[in-house]
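Read off the chains here:
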Amino acid sequence: MQEWEATRLQPAVSAIINTKTPTAELKQSLEGNLVVVDQMLSKHKYILGDKLSAADISIWSTIYPLYYNEDLREPYMAQFKHIGRWVEELAAAKAIQEALKQWNGSPKGPFPAISVLGTPQIASIVSPIGSPEEVSGPTIEEIEGAKENWLNGVKKLQAPLKEEKIVLPVKGRKNILITSALPYVNNVPHLGNIIGCVLSADIFARYCRLCDYNTLYICGTDEYGTATETKAIEEGLTPRQICDKYFEIHNAVYRWFNIGFDYFGRTSTNEQTEIAQKMFLKLKDNGFILPQSVDQLLCEKCDRFLADRFVEGTCPHPGCLYDNARGDQCDRCGKLINAIELIEPRCKVCGHKPTVKPSEQLFIQLNQLEPSIRSWISSNSNNWSPAARGVCRAWLREPLRPRALTRDLRWGVPVPLQNYAHKVFYVWFDAPIGYLSITQNATKQYEKWWRPDKDCEVKLYQFMAKDNVPFHTIMFPATLIGINEGHLLVNYLFATEYLNYEEGKFSKSRGVGVFGTDAQDTGIPSDVWRFYLASIRPETSDSSFSWAELGTRNNSELLNNLGNFCHRSLSFCANNFKGKVPDVNPGPSDYELIALVNREVIGYVQNMEKGRLRDALKHVLSISRIGNQHMQSEQPWVLLKGSDDDKQRGAIAIGLCCQLVALLCALLAPYIPDTARRLRQQLHVEANTLRLNPENPAFIQYLPNGHVIGKPEPLFSKLEPDVLEKLKAKYAGTQNERANVNGVAKGSQSVEALEKAIAEQGDKVRKLKASTKDKAVWQPEVDRLLELKKQLVTAQSNVKTESNASSHSVADLEKCVAEQGEKLRKLKASTKDKSIWQPEVDRLLELKKQLAAAQTNAQTNVTTNASSKSVADLEKAVAEQGDKVRKLKASTKDKTVWQPEVKILLDLKKQLADLQIKN
Ligand SMILES: Nc1ncnc2c1ncn2[C@@H]1O[C@H](COP(=O)(O)OP(=O)(O)OP(=O)(O)O)[C@@H](O)[C@H]1O
Ligand SMILES: N[C@@H](CCS)C(=O)O
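Residues numbered from 1 in each chain as written. Chains lettered and ligands numbered in written order. Predicted model: local features only at pLDDT ≥ 70, side-chain atom pairs only at ≥ 80, totals over all residues. Heavy atoms only, no water.

## A few points about the overall build of the protein
Then, in step 1: Helices and strands together make up the secondary structure of the protein, namely 32 helices and 17 strands.
Then, in step 2: Going through the 919 residues of the protein one by one, you find that 56% of them count as buried.
Then, in step 3: The contacts of the protein with a sequence gap of at least 6 include a subset with a gap of at least 24, amounting to 77%.
Then, in step 4: If you sum the accessible surface of the protein, you get close to 41200 Å²; carbon and sulfur atoms cover 52% of it. (Helix = DSSP H or I, 4+ residues; strand = E, 2+ residues; numbered from the N terminus. Buried < 20%, exposed > 50% of the residue type's maximum accessible area, 1.4 Å probe, protein only. Contact = heavy atoms within 4.5 Å. Areas by Shrake-Rupley, 256 points an atom, 1.4 Å probe, with all protein chains shown as cover.)

This is the structure:
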């Protein structure tokens, strides 16, 4: 019923409300829909029976503006007595009255042109642009503009650029250089990383190509620094092996998400060393580098200075005091931290408390560069996103102080000075230089982009989340200003806030969130993920990921709104006109519609240009909604059976809807490129037919007269709530908790299965390549092969981690049992569906078995070692074991957990007594 409401009833009601003189067909359409509702209510108290359901709320909200508007109730509603009874009853309900209060309109009207209550109920995305009162009919100028663009818009598009893989700036064109923050290789990227940087930049880059801007989008992995070193220690690999492994994983995840980098590189290259060292020496020659002795944390147990992420402790910022802050930055308050200021610091590797020791480092003199930085920021930051401006402004509240550029680490670009040869550059000096070195790897002429000729203007757009802002607005620009060689400084910095998961920030190092590989494993197409992430992009405040909302957006926006409109329009054309799109010779009311659509296209371009990708998407959805309403109000299925005039009118309606589908296909391509590609096939057009003129954005006649479309196919499918519930349970908690839950057997099984699948897929690819040279045919299969290989790497490393887990200590397993018990309790409390929690019960039993085995081992070890021990040793062991038993008994009533420890204690006591007697 909700689908019916969104696609039939709602467009009909909206059309009636928005039209001063509704046609007879429109009135008939509305009446037909209301008859359906009235008949249902004649049989039951509510729409679906005797119980109130979501269908009642949706339909009631849609009918509300008709019923309570004096002018509309009489002509349209008076005859429907059952609807009247039901509307009044619901209106009296307390919850509904509360909801009406939140909506600022009066329950008695007057009603705005488009009712907020008349649109689907996901406020943050689907409401029409601007406040309802602002929506008014098109002006004469808008209609004139619509005519001009409809007739001549295609001719006015720029000549398409020559298709080249890697471009250099071109004189006389708009040259756009786009970067997204370079992700660390400390884990698989998560959905926060994806929307915060690579996907946002990709949507924007695709938009730029749509506008024929000469665009280069580069990114790559950020491979140096402690993030890599800590991961290497964690996985028992060298930093180089970690970089190689995670570079491949990132690359494959982004490919799956269809991120169209022009080049995806890495920072651990010779080009990086060369450029970073050269820039550093220039900065030093210009007098901006000075040595300074700093107190650093030294872990005596590990025999190393603990930089950044090697140390954790309590955040020193009063008002925060987060007890799990890292040595570089606090995840809770976002402030940068000097590691020695951490309260209760601990070495991340061994947990030991470090001591403070001096070490000489080289500092960039930000204080000297401060006036230039401030003046550059004040004249450029207007073009930055609110998050970028906010973070930067907060930083500039205090004077800038010198900042260390070097570190006592091994994994990084060596400092090119004799006395500092054992030190490397701080990763945040090094990382942004990665943009230059990656461009060098891509083009072999990075300076053409980064130090452009005067007559060849380049604009730099950078995408990241708020934590990266200080480095891109202050530290990196300071380096470039200090070097003073005409490097490009960021023009548009489109930073986001955070995407959160289960009430916290997604985190790679902590393994929190849904990761790229998880998204892939769900079987939900990458376009659905892209669409959902774009629609909740944290543009103005943090936003949260929700499985249920993913389903709602898919079902209501992609399926019911967009998919429904495109499929209906093209199917009408295929079935009634043998696929030949009827010529559109627009009449006055058609030009009104075209002018209203133009407003949305203008809104789309304006938002895109300002990096407001979520808002731009709303305009696309509005166009599709206008299309649905037009279809509903014109009713071509009736017109095509009528007089010659009616037939002509019906044909124009279908022609216009097909042209709208082409427009939607163009505007959607940056967000859902796979779907746009399929839709282009159905429309039977090439990608470069569907371009935009950003100077004069408008709905133009994309499909030439006489154009014949291909075969219409549905574009989206429904996501069922129970599937989403299962996914929610599957991806609850951290990666480690999930790995514990999944056990060894599963991992090894999937390695075998994956090896088999890879062999089969390899065979398929070989055969396909032998049979055709058409890359479009075999590329998807190659991608699938690469994806399987990547899954194999992950599965193999899981098996490794899990087999390490099998030799886990009793303490680790006890922790796992406790966590698993807790998880199970929560799951059982949240759902009665046994199929969701039974696997967790099995896993708990399995863990308990492993614990029992480990305890037996431990007992053997303890007792064997004990035989060679002194009375004093045994007394100590008895005391410790007694202590352990007490704590365990206090923490759980589960005898199976503490009984083995009691046995060990009794055994130790016996040995002690024996030895005492013997002595
Ligand atoms: N929750 C998030 N929402 C949006 N963007 C994010 C989020 N987390 C990280 N990013 C962005 O993703 C990019 C890569 O970040 P990074 O590799 O530091 O991931 P991370 O999860 O923050 O890692 P860690 O937890 O180890 O600090 C950066 O631009 C960062 O700002
Ligand atoms: N590796 C950094 C970004 C460098 S541009 C980060 O992920 O936060």
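## Some points on the side chain of Asp430
Then, in step 1: Counting through the fold element by element, Asp430 comes out in helix α15 (residues 427-443).
Then, in step 2: Put simply, Asp430 is tucked away with no salt bridge, and the nearest opposite charge, on Arg240, sits 11 Å away.
Then, in step 3: If we skip the residues at most four places from it in the chain, Asp430 touches Tyr224, Gln272, Ala276, Val413 and Phe425. (Lys, Arg positive; Asp, Glu negative; His and termini not counted. Salt bridge = Lys/Arg side-chain N within 4 Å of Asp/Glu carboxyl O.)

## Concerning the site of ligand 2
Then, in step 1: Every residue lining ligand 2 is accounted for by Leu182, Tyr184, Asp222, Trp428, Ala431, Tyr435, Asn468 and His472.
Then, in step 2: Within the contact set of ligand 2, a nitrogen atom lies 2.7 Å away from a side-chain nitrogen or oxygen of Asp222.
Then, in step 3: Separating an oxygen atom of ligand 2 from a side-chain N or O atom of Asn468 is a distance of 3.0 Å.
Then, in step 4: Relative to its unbound accessible area of 280 Å², ligand 2 is 91% covered by the protein chains.
Then, in step 5: Looking at which element gives the most residues to the shell around ligand 2, the answer is α15, with 3 residues. (Near = heavy atom within 4 Å. Polar contact = N/O pair within 3.5 Å; in protein donor to acceptor, adjacent residues only side chain to side chain.)

## With respect to the environment of Phe247
Then, in step 1: Examined against the element boundaries, Phe247 turns out to sit in helix α11 (residues 239-256).
Then, in step 2: When sequence neighbours within four positions are dropped, the list of residues in contact with Phe247 reads Val185, Thr221, Glu223, Phe264, Gly265 and Arg266.

## Focus on the pattern of salt bridges
Then, in step 1: Within the structure shown, the criterion is met by 40 salt bridges.
Then, in step 2: For Glu223, the salt bridge identified is with Arg240, shortest N-O distance 4.0 Å. Of this pair, Glu223 sits in the loop between β2 (214-221) and α10 (226-235) while Arg240 sits in helix α11, placing them 17 residues apart in sequence.
Then, in step 3: Overall, Glu223 belongs to the buried group, its relative accessible area being 0%.
Then, in step 4: In this structure, Lys466 engages Glu497 in a salt bridge whose closest nitrogen and oxygen atoms are separated by 3.0 Å. In this pair, Lys466 sits in the loop between β13 (458-465) and α17 (469-483) while Glu497 sits in the loop between β14 (492-496) and β15 (499-501), placing the two residues 31 residues apart along the sequence.
Then, in step 5: You can call Glu497 buried: its relative accessible area is 17%.
Then, in step 6: One salt-bridge network, in which partners are shared between bridges, spans Glu223, Arg240, Asp244 and Arg266.

## Focus: the site of ligand 1
Then, in step 1: In the vicinity of ligand 1 lie 22 residues, with His190, Asp467, Lys505, Ser507 and Lys508 positioned nearest.
Then, in step 2: At a separation of 3.0 Å, a nitrogen atom of ligand 1 approaches a polar backbone atom of Gly192.
Then, in step 3: Asp467 is positioned with one of its side-chain polar atoms (N or O) 2.5 Å from an oxygen atom of ligand 1.
Then, in step 4: Against a free-state accessible area of 590 Å², the protein chains account for coverage of 98% of ligand 1.
Then, in step 5: Its residues assigned to classes, the shell around ligand 1 shows 8 nonpolar, 8 polar and 6 charged. (Nonpolar A, V, L, I, M, F, W, Y, C, P; charged D, E, K, R; others polar.)

## What about unusual backbone geometry?
Then, in step 1: Its identity is not glycine, yet Asp212 carries a phi of approximately 65°, on the positive side.
Then, in step 2: By the secondary structure assignment, Asp212 is in the loop between α9 (191-210) and β2.
Then, in step 3: A residue is classified by how much of its surface remains accessible, and Asp212, at 5% relative accessible area, is buried.
Then, in step 4: You will see that Gln635, though not glycine, has its phi angle at about 50°, which is positive.
Then, in step 5: Within the secondary structure layout, Gln635 lies in the loop between α22 (613-634) and α23 (636-639).

## Considerations on the side chain of Gln462
Then, in step 1: Tracing the sequence through the fold places Gln462 in strand β13.
Then, in step 2: Sequence-distant contacts of Gln462, that is, excluding residues within four places in its chain, are made with Thr179, Tyr435, Trp450, His472, Val490, Tyr492, Leu493 and Phe494.

## Here's the deal with the sheet that holds strand β4 (residues 289-299)
Then, in step 1: Spatially, β5-β4-β9-β10 is the arrangement adopted by the 4 strands of the open sheet, whose pairing is antiparallel. Bordering the open sheet on either side are β5 (304-305) and β10 (403-404), each of which pairs with just one other strand. (Pairing = 2+ DSSP bridges.)

## Things to note about the packing of helix α20 (residues 547-577) against α22
Then, in step 1: Across the interface, α20 lies against α22 with an axial gap of 10 Å and an inter-helix angle of 50°. One finds that α20 runs oblique with respect to α22. As for how α20 packs across α22, the hand of that crossing is left-handed. Where α20 approaches α22, its residues Glu557, Asn560, Asn561, Leu562, Asn564, Phe565, Arg568, Ser569 and Phe572 are matched on the opposing element by Leu621, Ser624, Arg625, Gly627, Asn628, Met631 and Gln632. (Axes fitted to C-alpha atoms, helices over the stretch in contact; angles between N-to-C directions. Parallel < 35°, antiparallel > 145°, perpendicular 65-115°, else oblique. Left-handed = near helix turned anticlockwise from the far one by under 90°.)

## With respect to α9
Then, in step 1: Its axis deflected by about 40° at Leu199, α9 carries its strongest bend there.
Then, in step 2: Counting buried positions over the 20 residues of α9 gives 18, a clear majority of the element.
Then, in step 3: Phi for Asp212, located one or two positions after α9, is positive at around 65°. (Bend = angle between axes of the 7 residues up to and from the residue.)

## Re the packing of α20 against helix α26 (residues 721-730)
Then, in step 1: Where α20 contacts α26, the two axes come as close as 9 Å, and the packing angle between them is 150°. Put simply, α20 runs roughly antiparallel to α26. The two elements α20 and α26 meet at a crossing, and its hand is right-handed. Where α20 approaches α26, its residues Trp547, Leu550 and Gly551 are matched on the opposing element by Leu724, Leu727 and Lys728.
Then, in step 2: Here the contact of α20 with α26 is built from residues that sort into 4 nonpolar, 1 polar and 1 charged.

## Details of the state of the cysteines
Then, in step 1: Counted under the stated rule, the structure contains 0 disulfides.
Then, in step 2: The cysteine Cys197 is free of any disulfide, with Cys219 supplying the nearest cysteine sulfur at 6.4 Å. (Disulfide = S-S within 2.5 Å.)

## Focus on the environment of His190
Then, in step 1: Structurally, His190 can be placed in the loop between β1 (175-180) and α9.
Then, in step 2: By relative accessible area, His190 is classed as buried at 3%.
Then, in step 3: Taking the C-alpha atoms as reference points, His190 and Ser509, 319 residues apart in sequence, are found 11 Å from one another.
Then, in step 4: Non-local contacts of His190, meaning those with residues more than four positions away in its chain, are made with Phe506, Ser507, Lys508, Val512, Val514, Phe515 and Gly516.
Then, in step 5: Here the side chain of His190 touches Gly192 through a polar contact of 3.1 Å, landing on its backbone nitrogen.

## Quick word on the packing of aromatic side chains
Then, in step 1: Tallying each qualifying case throughout the model produces 35 aromatic pairs.
Then, in step 2: On the basis of an interplanar angle of 75° and a centroid distance of 5.2 Å, the ring pair of Tyr67 and Tyr68 is categorised as edge-to-face.
Then, in step 3: Looking at Tyr67, the relative accessible area reads 7%, which means it is buried.
Then, in step 4: Judged by its relative accessible area of 7%, Tyr68 falls in the buried class.
Then, in step 5: Ring centres of Tyr492 and Phe494 lie 6.0 Å apart, and the angle between their planes is 55°; this geometry places the pair in the tilted category. We note that Tyr492, like Phe494, is buried.
Then, in step 6: Among the aromatic residues, those joined into a ring-pair cluster are Phe204, Tyr207, Tyr213, Tyr461, Phe463, Tyr492, Phe494 and Tyr604.
Then, in step 7: Above the ring of Tyr68, the side-chain terminus of Arg73 is found at 5.8 Å from the ring centroid. (Phe/Tyr/Trp six-rings, centres within 6.5 Å; stacked < 30°, edge-to-face > 60°. Lys NZ or Arg CZ within 6 Å of the ring centre and 35° of its normal.)

## A look at the sheet that holds β14
Then, in step 1: Strand order in this open sheet of 5 strands is β3-β2-β1-β13-β14, and the pairing throughout is parallel. In the strand order of this sheet, the two ends are held by β3 (263-266) and β14, each with one partner. Across the sheet, the mean angle separating the axes of adjacent strands is 20° when strand polarity is ignored.
Then, in step 2: Sheet topology places β2 next to β3; 4 bridges connect them, and they run parallel. Across the sheet, Gly220 pairs through a bridge with Gly265, a residue of β3.

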